[in-house]
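Listed below, chain by chain, are the residues.
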Amino acid sequence: MQLGMIGLGRMGGNMVRRLMKSGHDCVVFDHSEDSVKKLTAEGAVGARSLDEFVAKLTKPRAVWVMVPSGEATESTVDELAGRMEPGDTIIDGGNSYYKDDVRRSKPLQGQGIHYLDVGTSGGVWGLDRGYCMMIGGPKEAFDRLDPIFRALAPGKGSIDPTPGRGHRDGHAEEGYLYCGPSGAGHFVKMVHNGIEYGLMQAYAEGFDIFRNANSKDLDEGLRYDLDVADIAEVWRRGSVVGSWLLDLTSMALAENPTLSNYSGFVQDSGEGRWTVQAAIEEAVPADVLTSALYTRFRSRQTHTFAEKVLSAMRQKFGGHVERATGG
């Protein structure tokens, strides 16, 4: 199939490369001419303007928008809507707020343009590992673009089917899922990221306890000089707390056990706040997720080893470089 990609940053560019490896044709556009040139050299069709970009797409067009959430996404979708026709599809693959998806989808539906919201997880590793996708919007648009999602997804790989699943949706076993109408995809991804905050916080606090196990405030017979890098490594092998986040933590600790190259300043990208807000609106207790979000707020004032672990995980899976601060 053919897909247009707007936004060739850490994820967008690699998504194009993964699609081309599977035989799909990609038309690309970005405000960075260098980014467009790189992918053109690798086989993509480049465009130097939005008009040229849309003109190079075959009808019915499909355009994936992979730019920062908020105003950048809003303006891009608006500009595309003025250039596209009934039967075309706009895909927002960033971390947009699900309520914005619902709002944006309504006028597009009136124009006969399909709008899909795709929560995308995979970070800077997606080119090789694939991207886990949670998708909302018109089911017919999802079905038509299934080959695109299948190519981007990780696939079944070596993971055994879950016992007892029976004949449930096979897409989930491939690493992508149609979640429901507009906003459903980003709603599921939003909660995914809220859970991510909690998991990261649990690891971070645990390793902070290890780091301080030789504190002079403890009785001498109860002090332990623990190798945090080795603990992370052994937990990766058969432990019930093993995960990809632990893999990345182990990698960071192996590179620098003190994590002195991280400030401990931990940013939040919005989804954690939205998850807590959704919990409030649904009157659902979310103690761990809320606490993890507040810890990120506090990290911008004082820094602990736990915050350095959090910062290291964010850099490893998403390429996020935290702002350097004192403290």
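Below or above, wherever it landed, is the structure these notes cover.

Reading guide: rules and limits
- Residues numbered from 1 in each chain as written.
- Predicted model: local features only at pLDDT ≥ 70, side-chain atom pairs only at ≥ 80, totals over all residues.
- Heavy atoms only, no water.
- Helix = DSSP H or I, 4+ residues; strand = E, 2+ residues; numbered from the N terminus.
- Phe/Tyr/Trp six-rings, centres within 6.5 Å; stacked < 30°, edge-to-face > 60°.
- Buried < 20%, exposed > 50% of the residue type's maximum accessible area, 1.4 Å probe, protein only.
- Lys NZ or Arg CZ within 6 Å of the ring centre and 35° of its normal.
- Salt bridge = Lys/Arg side-chain N within 4 Å of Asp/Glu carboxyl O.

Side note on unusual backbone geometry
Here is step 1 of the chain: Residue proline 60 is reached from lysine 59 by a cis peptide bond, and omega for that bond is -10°.
Here is step 2 of the chain: Mapping proline 60 onto the fold places it in the loop between helix 3 (50-55) and strand 4 (62-65).
Here is step 3 of the chain: Of note, leucine 259 is a non-glycine position whose phi angle comes to about 55°, a positive value.
Here is step 4 of the chain: Of note, leucine 259 is situated in the loop between helix 12 (244-255) and helix 13 (271-282).
Here is step 5 of the chain: In this structure, alanine 283 takes a positive phi of about 55° despite not being glycine.
Here is step 6 of the chain: The residue alanine 283 is located in the loop between helix 13 and helix 14 (287-299) in this model.

Description of the packing of aromatic side chains
Here is step 1 of the chain: Overall, the coordinates contain 14 aromatic pairs when judged by the stated rule.
Here is step 2 of the chain: With 5.3 Å between their ring centres and 75° between their planes, tyrosine 97 and tyrosine 98 make a pair best called edge-to-face.
Here is step 3 of the chain: We classify tyrosine 97 as buried; its relative accessible area is 16%.
Here is step 4 of the chain: Judged by relative accessible area, tyrosine 98 falls into the buried class, the value being 15%.
Here is step 5 of the chain: Summarising the aromatic geometry, the rings of phenylalanine 207 and phenylalanine 210 are spaced 5.8 Å apart at their centres and angled 75° between planes, so their arrangement reads as edge-to-face. Linking phenylalanine 207 with phenylalanine 210, this pair stays in helix 10 (residues 184-211), spanning 3 residues, or about one helical turn.
Here is step 6 of the chain: Among the aromatic side chains, those forming a connected cluster through ring pairs are Trp64, Phe142, Phe149, Tyr176 and Tyr178.
Here is step 7 of the chain: Geometry around tyrosine 197 places arginine 296 over its ring, the cationic atom sitting 3.7 Å from the centre.

Let's talk about the pattern of salt bridges
Here is step 1 of the chain: All chains considered together, the criterion is met by 24 salt bridges.
Here is step 2 of the chain: In this structure, aspartate 88 and arginine 61 form a salt bridge, with 2.7 Å as the shortest nitrogen-oxygen distance. Of this pair, aspartate 88 sits in the loop between helix 4 (71-81) and strand 5 (89-92) while arginine 61 sits in the loop between helix 3 and strand 4, placing them 27 residues apart in sequence. With respect to burial, aspartate 88 and arginine 61 carry one shared label: buried.

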